[in-house]
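A structural walkthrough
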Amino acid sequence: MQTFAVVAAEIRKLSDQSKDSTKEIGDILGKIRVDSEEMVKKMGASVAGGKQQTKLIDQAIGSSKNVSEVNQKLIDDIQEIEQASGKIAEVQSKIEESLENISASTEENSAGAEEVSANSEEVQATMEEFTNNVAELQKTADELKKVAAAFEFDK
């Protein structure tokens, strides 16, 4: 019978070890569950952060496109101003030429009446062209002011 008692004691010992091992496995599984839940939370926060970064990047790209469009508009307006300035220089040259003609006509008063009349008409046409160019330049300047106003930044 002693052998049976020894075997029973060994079985009890193994049973106790199994309980202890089962408890350890349960503790390990609990720790794994807690760690897994924490990892899921961190992954959720990471995904949310990634979405926020993507949103900010999209906003930055949109802003860059807007700045690029405004810059192109400025370049176009500056080119228009350059063209208008060239026209003004041409008109100014015509006016100077016309004034010289008027001066010469006045000195030659004997044949001057008809010549002065012709030159006056040319000056008037040149002045009308000059006035039109000045109006066009004013319009371009107004458009440029509107574009420049779009660049107001918060301080």
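Placed above this text is the structure.
Residues numbered from 1 in each chain as written. Predicted model: local features only at pLDDT ≥ 70, side-chain atom pairs only at ≥ 80, totals over all residues. Heavy atoms only, no water.

Brief notes about a nonpolar patch on the surface
Nonpolar side chains collect at one region of the surface, where I25, I28, L29 and I32 lie side by side and expose about 390 Å² of accessible area between them. With respect to the helices and strands, I25 occurs in helix α1 (residues 2-107). (Patch = residues over 30% accessible without salt bridge, like charges linked within 9 Å, V, L, I, M, F, W, Y side chains within 5 Å. Areas by Shrake-Rupley, 256 points an atom, 1.4 Å probe, with all protein chains shown as cover. Salt bridge = Lys/Arg side-chain N within 4 Å of Asp/Glu carboxyl O. Helix = DSSP H or I, 4+ residues; strand = E, 2+ residues; numbered from the N terminus.)

Examining the environment of E136
Inspection of the secondary structure assignment puts E136 in helix α2 (residues 112-149). Put simply, E136 and E80 are 56 residues apart on the chain and 9.5 Å apart in space, counted from C-alpha to C-alpha.

Focus on the pattern of salt bridges
If you walk through the whole model with that rule in mind, you get 6 salt bridges. Across the salt bridge formed by R33 and E37, the nearest N and O atoms sit 3.7 Å from each other. One end of the pair, R33, and the other, E37, are both in helix α1, 4 residues apart, so they sit about a helical turn from each other. One connected set of salt bridges, linked through shared partners, spans K73, D77 and E143.

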